[in-house]
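# Overview (structure and organization)
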There are 2 protein chains.
Amino acid sequence: MKLRRSERMVVISNYLINNPYKITSLSTFSEKYESAKSSISEDIAIIKKAFEESAIGKIDTITGANGGVIFTPTISEKEARLITEELSTSLSNSDRILPGGYIYLSDLLSTPEILRNIGRIIADAFKEEKIDVVMTVATKGVPLANAVANVLNVPFVIVRRDLKITEGSTVSVNYASGSSDRIEKMFLSKRSLKPNSKVLIVDDFLKGGGTISGMISLLKEFESTLVGVAVFADNNQQKHYQFDYKSLLHISKIDIDNQIIDVELGNLFNN
Amino acid sequence: MKLRRSERMVVISNYLINNPYKITSLSTFSEKYESAKSSISEDIAIIKKAFEESAIGKIDTITGANGGVIFTPTISEKEARLITEELSTSLSNSDRILPGGYIYLSDLLSTPEILRNIGRIIADAFKEEKIDVVMTVATKGVPLANAVANVLNVPFVIVRRDLKITEGSTVSVNYASGSSDRIEKMFLSKRSLKPNSKVLIVDDFLKGGGTISGMISLLKEFESTLVGVAVFADNNQQKHYQFDYKSLLHISKIDIDNQIIDVELGNLFNN
């Protein structure tokens, strides 16, 4: 398909946005758009400048036989803070308090625009790490893991709290369910995670830490390693966990009697 | 931010790709990029041409006080078929047969590139409809619903098969669980779906139809209407369901003894 430069830039931008963290050779573009590699190279220089100036992401050139260009999405600290402050305001709404001191989050974690932004912020916080897989636990963690995996362009795996026939053979571990002080089981399909995977754990809410510790024990069973833990919100009451984590939001107080939730930016924003 | 035309086109393309089905006024771009509306209008004409020629999507101009431009992602029938044929090959792999005649799908439904493409194909099949919300059932439907909702830029809601404290008040209905011929319950959080919503139901697998019929009864409880049903794969044995559906893939045979799965393109491709 032969295109004018301006059109070519639009379609190459679209390709890069939809294929983050993937090396694509200039020849691929050159063949697809019937243009000289030198022209493609100039197109990409312009796209690179536009992406960087607008904090959409960075474009790196990898030299060598398997070289090409690679797009890494980024987000400016200013935009990340602005987005998270809006989420904080939304989360502080007293309507969200459920009996028992739980907080209703499902609406936020099922809106594509919000998920896309959360995905960008978390992926950006781990962009220096090599990540093969994002892991989460069913059900509320799934859209979050999906959003982060989308930006990192890697698969995600879903740990389950129940046994499903459609998962085939599974490996299980015990974990302490924080909210109930009970020991429960979690399961991961044997074929879903290759040995030696580098894994980022993502979940919606961190309180007791039992669920995340459980996923970390599963990683050992799969001979895989933990790269990091990211949560949408933590309600950490100065507890010391066995793992480090990054949170978008920190819930410092849930006052059921007076229907007050205090929310601050999470430790992801501590420099 | 003042940009050159070529850079402006890159960032406007990026904006439109990330904000499908949303009307944005030319003034928004004109203010953001400090350019005359006539220049923005020319930029968009070029982007529109490039998007259409590459089957990325269409850009429409809505006139009037609340007017602007709106981007609708599309996919060419050729690309949709190519993608689905690859999925069909992958699905036909006999390694996927699990004891009991179930099929392992989790790896496909947790790879961002695949999900993005499935989302584009399903959204495209319903692009003439007005859809407010995508509905699915936990857990395997979630990434699919998320992918479709991403393209349509609408929220999704997750029906659950168990009661979770963190969902608040719920409405439940009974449904016939096809695989076990048992009557079970499904639950939807009361605040997750507004009355009079137009809903697209998305699920991974259609066999007995009980789960989807259950979701349709839930819609009635929420005074909402069904726009359509889309599934990744159906294993319809000439059964007559109470609803119409579109499937990407049709599994015509699962032969456990000889370890054979026969997969064809689904009825979404019947014109």
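Keep in mind that this is a model prediction, so the values were computed, not measured.

## Quick look at the sheet that holds strand 6 (residues 156-159) of chain B
Residue and element names in this part refer to chain B. Pairing in this open sheet of 6 strands is mixed, and the strands run 6-5-9-10-11-12 from one edge to the other. The open sheet has two free edges, formed respectively by strand 6 and strand 12 (260-265), since each of these has just one partner strand. Averaged over all pairs of adjacent strands, the angle between their axes in this sheet comes to 25 degrees, without regard to strand direction. Note: strand 10 (residues 225-234) against strand 11 (residues 246-255), 4 bridges, orientation parallel. Within the sheet, the bridge partner assigned to Ala233 lies in strand 11 and is Leu249. Against the sheet, helix 6 (residues 141-152) touches strand 5 (133-137), strand 6, strand 9 (198-206) and strand 10, its axis set at about 170 degrees to strand 5. Of the strands in this sheet, strand 5, strand 6, strand 9 and strand 10 are in contact with helix 7 (residues 210-221), which crosses strand 9 at around 165 degrees.

## Digging into the environment of Ala50 of chain A
Along the chain, Ala50 of chain A turns up in helix 3 (residues 37-53). Spatially, the C-alpha atoms of Ala50 of chain A and Thr170 of chain A are 47 Å apart, while their sequence positions differ by 120 residues. Excluding its chain neighbours within four sequence positions, the residues that come into contact with Ala50 of chain A are Glu7, Val10 and Val11 of chain B.

## Observations regarding helix 4 (residues 77-91) of chain A
Residue and element names in this part refer to chain A. Its 15 residues give helix 4 an end-to-end C-alpha distance of 20 Å, which sits within 8% of 21 Å, the value for a rise of 1.5 Å per residue. Burial in helix 4 covers these residues: Ala80, Ile83, Thr84, Leu87, Ser88 and Leu91. Down the axis of helix 4, the smallest arc covering the buried residues is 145 degrees, so these residues share one side. Of the exposed residues in helix 4, those oriented more than 90 degrees away from the buried face are Lys78, Leu82, Glu86 and Thr89.

## A word on the packing of helix 4 (residues 77-91) of chain B against helix 5 (residues 112-125) of chain B
Residue and element names in this part refer to chain B. Where helix 4 contacts helix 5, the two axes come as close as 10 Å, and the packing angle between them is 130 degrees. With respect to their mutual orientation, helix 4 and helix 5 come out oblique. Considering only the axes of helix 4 and helix 5, their crossing is left-handed. Where helix 4 abuts helix 5, its residues Glu79, Ala80, Ile83, Thr84 and Leu87 lie against Ile114, Asn117, Ile118, Arg120 and Ile121. Taken together, the residues of the contact of helix 4 with helix 5 sort by class into 6 nonpolar, 2 polar and 2 charged.

## With respect to the nonpolar core
Nonpolar side chains tend toward joint burial in soluble globular proteins. With 84 residues, the main nonpolar core has Phe232 of chain A together with Leu91 and Phe232 of chain B as its most contacted residues. Apart from residues no more than four positions distant in its own chain, Leu91 of chain B is found in contact with Arg96, Ile103, Leu105, Leu108, Phe232, Ala233, Leu249, Ile251, Ile261 and Val263 of chain B. Counting residues in hydrophobic clusters, the runner-up holds 40 residues, among them Val10, Ile47 and Val69 of chain A together with Ile12 of chain B.

## Focus: the packing of aromatic side chains
One pass over the full model with this rule turns up 8 aromatic pairs over all chains. With 5.1 Å between their ring centres and 55 degrees between their planes, Phe51 of chain A and Phe71 of chain A make a pair best called tilted. Of this pair, Phe51 of chain A sits in helix 3 while Phe71 of chain A sits in strand 2 (residues 68-73); the two residues are 20 residues apart in sequence, bridging distant segments of the chain. One aromatic cluster in this structure is built from Tyr241, Phe243 and Tyr245 of chain A. Across the ring face of Tyr104 of chain B, the terminal group of Arg191 of chain A is positioned such that the distance to the ring centre comes to 4.5 Å. When the ring centre of Phe126 of chain B is taken as origin, the NZ or CZ atom of Lys246 of chain B, which lies over that ring, is 4.8 Å away.

## Thoughts on the sheet that holds strand 9 (residues 198-206) of chain A
In sheet architecture, strand pairing relies on hydrogen bonds along the backbone and comes in two forms, parallel and antiparallel. Residues and elements named next belong to chain A. Here we have 6 strands laid out as an open sheet, ordered 6-5-9-10-11-12, and mixed in their pairing. Both outer strands of the open sheet, strand 6 (156-159) and strand 12 (260-265), are each paired with one neighbouring strand and no more. Each strand axis lies, on average, 25 degrees off the axis of its neighbour in the sheet, ignoring direction. Where strand 5 (residues 133-137) and strand 9 come together, 3 bridges link them in parallel fashion. When the bridges of strand 9 are listed, Val134 appears paired with Leu200.

## Let's talk about the environment of Gly68 of chain B
For Gly68 of chain B, the location among the structural elements is in strand 2 (residues 68-73). If we ignore the near neighbours within four places in the chain, the residues touching Gly68 of chain B are Ile23, Thr24, Ser25, Asp60, Thr61 and Ile62 of chain B.

## With respect to the interface of chain B and chain A
Every contact between the two is made by 59 residues of chain B and, on the other side, 59 residues of chain A. The contact between chain B and chain A buries some 4900 Å² in all, and 57% of this surface belongs to carbon and sulfur atoms. Counting across the chain B and chain A interface gives 2 salt bridges. Lys49 of chain B is paired through a salt bridge with Glu7 of chain A; the nearest N and O atoms lie 2.8 Å apart. The interface formed by chain B and chain A holds 17 residue pairs in polar contact (both at pLDDT 80 or more) in total. Counting only elements with at least two residues in the side of chain B that touches chain A, the list comes to helix 1 (5-18), helix 3 (37-53), strand 4 (102-103), helix 5, helix 6 and strand 6 of chain B.

## Focus: the relation of the copies chain B and chain A
Between the two copies, chain B and chain A, the superposition gives an RMSD of 0.0 Å; the rotation angle is 180 degrees and the shift along the axis is 0.0 Å. Put plainly, the chains are arranged around a two-fold axis. Same-surface contact between copies: 100% of interface residues of chain B are shared with the interface of chain A.

Reading guide: rules and limits
- Residues numbered from 1 in each chain as written.
- Chains lettered and ligands numbered in written order.
- Predicted model: local features only at pLDDT ≥ 70, side-chain atom pairs only at ≥ 80, totals over all residues.
- Heavy atoms only, no water.
- Pairing = 2+ DSSP bridges.
- Helix = DSSP H or I, 4+ residues; strand = E, 2+ residues; numbered from the N terminus.
- Axes fitted to C-alpha atoms, helices over the stretch in contact; angles between N-to-C directions.
- Contact = heavy atoms within 4.5 Å.
- Expected span 1.5 Å × (residues − 1).
- Buried < 20%, exposed > 50% of the residue type's maximum accessible area, 1.4 Å probe, protein only.
- Arc of directions from axis to C-beta.
- Parallel < 35°, antiparallel > 145°, perpendicular 65-115°, else oblique.
- Left-handed = near helix turned anticlockwise from the far one by under 90°.
- Nonpolar A, V, L, I, M, F, W, Y, C, P; charged D, E, K, R; others polar.
- Core = buried A, V, L, I, M, F, W, Y, C linked by side-chain atoms within 4.5 Å.
- Phe/Tyr/Trp six-rings, centres within 6.5 Å; stacked < 30°, edge-to-face > 60°.
- Lys NZ or Arg CZ within 6 Å of the ring centre and 35° of its normal.
- Buried area = accessible area lost by both parts, 1.4 Å probe.
- Salt bridge = Lys/Arg side-chain N within 4 Å of Asp/Glu carboxyl O.
- Polar contact = N/O pair within 3.5 Å; in protein donor to acceptor, adjacent residues only side chain to side chain.
- Least-squares fit on C-alpha atoms with pLDDT ≥ 70 in both.

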